[in-house]
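Commentary on secondary and tertiary structure
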Amino acid sequence: MPDDPFHLHRSLGYQVTMLARVVERRFEQRIAEFGLTRVMWCVLLAAGREELTAPSEIASFIGIDRTAASRTLRQMEERGLITRSGGAQDGRKIQVRLTPGGRTALAEVLPIAQENAAYFEAKLTGQELAQLRTAAAKLLADEPRIVAKL
């Protein structure tokens, strides 16, 4: 047995994973009343605030694979939150746009997302928050972007 045994609950990976789950779960519980998932929320942001229109751009922005993005886009289209149409010059290129219902959902849920972020950020001092963001950026630097299969 090594002198310094591994402790799961003190490992960085475990702590970061648990933190992400807590933040996500709190948010997901709040937006469930709107019939949205966290991934749907991210699509609303990507298409509405970031003005991304290509499914591949949206998938990359969110950090999910194209299959998961297609599934989510199909569900959102069925619910009337987005439209998918062929590009102006190439009918094969799909363009995603928010519908009025999608814009309404984005506007309704944005304050919830902001409150969720503020809730956790308020647990840290300004200096601690800046240090956490700096440390996270440093840990992520030069690491491959892993695309989630949701």
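That block above? That's the structure.
Read on for an overview of the structure. Values in this document were obtained by computation on a predicted structure and should not be read as measured data.

Some details on the environment of Arg 84
Tracing the chain through its elements places Arg 84 in strand E1 (residues 82-86). Taking the C-alpha atoms as reference, Arg 84 lies 13 Å from Arg 71; in sequence the two are 13 residues apart. Not counting residues within four places of it along the chain, the set of residues in contact with Arg 84 comprises Ser 70, Leu 73, Arg 74, Glu 77, Ile 94, Gln 95 and Val 96.

Examining the nonpolar core
Counting residues in hydrophobic clusters, the biggest one holds 30 residues, and the most contacted among them are Leu 36, Trp 41 and Leu 44. Contributing elements (two or more residues each) for this core: helix H1 (12-31), helix H2 (38-49), helix H3 (55-62), helix H4 (66-78), strand E2 (94-98) and helix H5 (100-121). Among the elements that line this core, the one with the most residues is H2, at eight residues. When sequence neighbours within four positions are dropped, the list of residues in contact with Leu 36 reads Ile 31, Leu 44, Arg 79, Leu 81, Ala 105 and Val 109.

Description of the packing of H2 against H3
Look at H2 against H3: their axes get within 10 Å of each other, and the N-to-C directions meet at 120 degrees. The orientation of H2 with respect to H3, classified from their angle, is oblique. Where H2 crosses over H3, the two elements pack in a sense that is right-handed. Here Val 39, Cys 42, Val 43 and Ala 46 of H2 lie close against H3, whose contacting residues are Ile 58, Phe 61 and Ile 62. Across the contact of H2 with H3, the residue classes tally to seven nonpolar, no polar and no charged.

Re the side chain of Thr 72
Looking at the secondary structure, you find Thr 72 in helix H4. For Thr 72, a relative accessible area of 8% translates into the label buried. The residues touching Thr 72, leaving out its near neighbours within four places in the chain, are Val 39, Met 40 and Val 43.

Some details on the packing of H1 against H5
When two helices pack together, their arrangement is given by the angle between their axes and by how far apart the axes lie. The geometry of H1 relative to H5 is characterised by a closest axis approach of 10 Å and an angle of 150 degrees between their N-to-C directions. With respect to H5, the element H1 is oriented roughly antiparallel. Considering how the two elements wind past one another, H1 and H5 form a crossing that is right-handed. Residue-level contacts link Val 22, Val 23, Arg 26, Phe 27, Arg 30 and Ile 31 of H1 to Val 109, Ile 112, Ala 113, Glu 115, Asn 116, Tyr 119 and Phe 120 of H5.

Digging into the side chain of Thr 99
Looking at where Thr 99 falls in the secondary structure, it is placed in the loop between E2 and H5. If near-sequence neighbours (up to four positions away) are discounted, Thr 99 is found in contact with Gly 80, Leu 81, Ile 82 and Thr 83.

Some words on the pattern of salt bridges
Counted according to the given criterion, the structure contains six salt bridges. A salt bridge links Glu 115 to Arg 26; its shortest N-O distance comes to 3.1 Å. Note that Glu 115 is positioned in helix H5 and Arg 26 in helix H1, a separation of 89 residues in sequence. When the shortest N-O distance is used, the salt bridge between Arg 84 and Glu 77 registers 2.9 Å. The partly exposed category is assigned to Arg 84, whose relative accessible area is 30%. Using a relative accessible area of 31% as the deciding quantity, one classes Glu 77 as partly exposed. Salt bridges here are not isolated pairs; linked through shared partners, they connect Glu 24, Glu 28 and Arg 38.

Reading the values: the criteria
Residues numbered from 1 in each chain as written. Predicted model: local features only at pLDDT ≥ 70, side-chain atom pairs only at ≥ 80, totals over all residues. Heavy atoms only, no water. Helix = DSSP H or I, 4+ residues; strand = E, 2+ residues; numbered from the N terminus. Contact = heavy atoms within 4.5 Å. Core = buried A, V, L, I, M, F, W, Y, C linked by side-chain atoms within 4.5 Å. Buried < 20%, exposed > 50% of the residue type's maximum accessible area, 1.4 Å probe, protein only. Axes fitted to C-alpha atoms, helices over the stretch in contact; angles between N-to-C directions. Parallel < 35°, antiparallel > 145°, perpendicular 65-115°, else oblique. Left-handed = near helix turned anticlockwise from the far one by under 90°. Nonpolar A, V, L, I, M, F, W, Y, C, P; charged D, E, K, R; others polar. Salt bridge = Lys/Arg side-chain N within 4 Å of Asp/Glu carboxyl O.

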